[in-house]
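Each chain, letter by letter, is given below.
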Amino acid sequence: MTAALLDSRLGRLGVQFAKFGLVGIVGLVVDTVVLYAGLGLGLQFFAARVPSFFAAATATWALNRAFTFRGAATEPLHRQWAKFIAANAIGGVVNYGVSVGLESSVQAVTEHPFLAVAAGSIAGMFFNFAASKHLVFKGA
């Protein structure tokens, strides 16, 4: 029964979403490391979030290409990366807005910026999965 469920369209989608989530965890780590590096260099939180987002987005694009959406229609790397960034821009705006909003208004988050990054990542994840699957990695 489990094998039949995993072989169903919904099962394959669930496995793909789980892989996307695992890749997202790696992206969260990259995002956090770059964020703290920027903060350590004296950047304000909102400014440090810009390079941390792009570093995480680049890492997740590469991992999703190799792991989550393997077998999708291929195209030149630079074009696919640009499509991934563009398709996930709305999710990125949601991610950034949630993280900056929480960091500026919730004392516990101000004291622990990782919480802002995590909340932003979760908020953008669902949109980013759909955009990645249907706009960037078609056919996977």
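Residues numbered from 1 in each chain as written. Predicted model: local features only at pLDDT ≥ 70, side-chain atom pairs only at ≥ 80, totals over all residues. Heavy atoms only, no water.

**Side note on the overall build of the protein**
Along its length, the protein carries seven helices and zero strands. Along the protein, from the amino end to the carboxyl end, the secondary structure elements read α-α-α-α-α-α-α. What you see for the protein is a C-alpha radius of gyration of 16 Å, in line with the 14 Å of a compact globule of 140 residues. C-alpha extents for the protein along the principal axes are approximately 50 × 35 × 20 Å. Across the 140 residues that make up the protein, the buried fraction comes to 35%. (Helix = DSSP H or I, 4+ residues; strand = E, 2+ residues; numbered from the N terminus. Rg over C-alpha atoms; globule rule 2.2 N^0.38 Å. Buried < 20%, exposed > 50% of the residue type's maximum accessible area, 1.4 Å probe, protein only.)

**Here's the deal with the environment of Ala-47**
With respect to the helices and strands, the residue Ala-47 is situated in helix 3 (residues 45-68). For Ala-47, a relative accessible area of 27% corresponds to the partly exposed category. Each C-alpha atom, one on Ala-47 and one on Leu-35, is 9.1 Å from the other, the two residues being 12 residues apart in sequence.

**Brief notes about the UniProt feature "transmembrane region" (unreviewed entry) in the protein**
As annotated by UniProt and renumbered to match this structure, "transmembrane region" (unreviewed entry) occupies residues 20-39, 45-63, 84-102 and 114-131. Structurally, residues 20-39 is divided into 100% helix and 0% strand, and its ends, taken at the C-alpha atoms, are 28 Å apart. (UniProt positions renumbered as here; feature names shortened; annotations may be inferred.)

**Some remarks on the packing of aromatic side chains**
Counting across every chain of the model gives eight aromatic pairs. Between the aromatic rings of Phe-53 and Phe-54, the centroid separation amounts to 5.4 Å while the plane-to-plane angle is 75°, which identifies the pairing as edge-to-face. Judged by its relative accessible area of 38%, Phe-54 falls in the partly exposed class. By way of ring pairs, the aromatic residues Phe-17, Phe-20, Phe-69, Phe-84, Phe-126, Phe-129 and Phe-137 are connected into one cluster. (Phe/Tyr/Trp six-rings, centres within 6.5 Å; stacked < 30°, edge-to-face > 60°.)

**Describing the packing of helix 2 (residues 9-40) against helix 7 (residues 113-136)**
The contact between helix 2 and helix 7 brings their axes to 9 Å, and the two run at 140°. One element, helix 2, and the other, helix 7, form an angle in the oblique class. The interaxial crossing formed by helix 2 with helix 7 has right-handed handedness. Of helix 7, the residues touching helix 2 (which contributes Leu-13, Gln-16, Phe-17, Phe-20, Gly-21, Leu-28, Asp-31, Thr-32, Leu-35, Tyr-36 and Leu-39) are Pro-113, Phe-114, Val-117, Ala-118, Ser-121, Met-125, Phe-126, Asn-128, Phe-129, Ser-132 and Lys-133. For the contact of helix 2 with helix 7, the per-class residue count stands at 14 nonpolar, six polar and two charged. (Axes fitted to C-alpha atoms, helices over the stretch in contact; angles between N-to-C directions. Parallel < 35°, antiparallel > 145°, perpendicular 65-115°, else oblique. Left-handed = near helix turned anticlockwise from the far one by under 90°. Contact = heavy atoms within 4.5 Å. Nonpolar A, V, L, I, M, F, W, Y, C, P; charged D, E, K, R; others polar.)

**Thoughts on the side chain of Asn-95**
For Asn-95, the position within the fold is in helix 5 (residues 89-105). Accessibility expressed as a relative area gives 8% for Asn-95, which makes it buried. Ignoring anything within four residues of it in the chain, the contact list for Asn-95 reads Arg-49, Gly-120 and Ser-121.

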